[in-house]
Amino acid sequence: RNNALTDKIDINNAAVADYMQLPGMYPKIGGTIANGGPYGSVKDVYKLKALSKDDIKQIKKYESKLTATPATGLDTLRGRDPYRRSFNQ
């Protein structure tokens, strides 16, 4: 797993299910983050228009558990959503 080395969820490369380990982040917030990238940094997620003020509060709670590395694209071994266009380019 990509996040095993850092114990962080990589917002550019994590499958939506990876957010299940952070209570309150799955599926809505995790899905919004997963489908809104790629991001230059974790703070870029706060620019997503689909997030409510409560969603942003929830993300801030876990900000230290998130990281942003360059997007790697489709990775079928990690349960990618085949309908997510940005991962099928």
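Computed from a predicted model, the values in this text were never measured in an experiment. (Residues numbered from 1 in each chain as written. Predicted model: local features only at pLDDT ≥ 70, side-chain atom pairs only at ≥ 80, totals over all residues. Heavy atoms only, no water.)

(A) The overall build of the protein, seen in detail. In terms of regular secondary structure, the protein is built from 2 helices and 2 strands. A burial count over the protein gives 38% of its 89 residues as buried. Surface accessibility of the protein: about 5,700 Å² in total, with carbon and sulfur atoms responsible for 55%. (Helix = DSSP H or I, 4+ residues; strand = E, 2+ residues; numbered from the N terminus. Buried < 20%, exposed > 50% of the residue type's maximum accessible area, 1.4 Å probe, protein only. Areas by Shrake-Rupley, 256 points an atom, 1.4 Å probe, with all protein chains shown as cover.)

(B) Highlighting the environment of Asp18. As for its position among the elements, Asp18 is in the loop between strand S1 (9-10) and helix H1 (28-36). C-alpha of Asp18 to C-alpha of Ala34: the two residues are 16 residues apart in sequence and 10.0 Å apart in space.

(C) Spotlight on the environment of Pro23. Position of Pro23 among the secondary structure elements: in the loop between S1 and H1. If sequence neighbours within four positions are ignored, Pro23 has contacts with Gln58 and Tyr62. (Contact = heavy atoms within 4.5 Å.)

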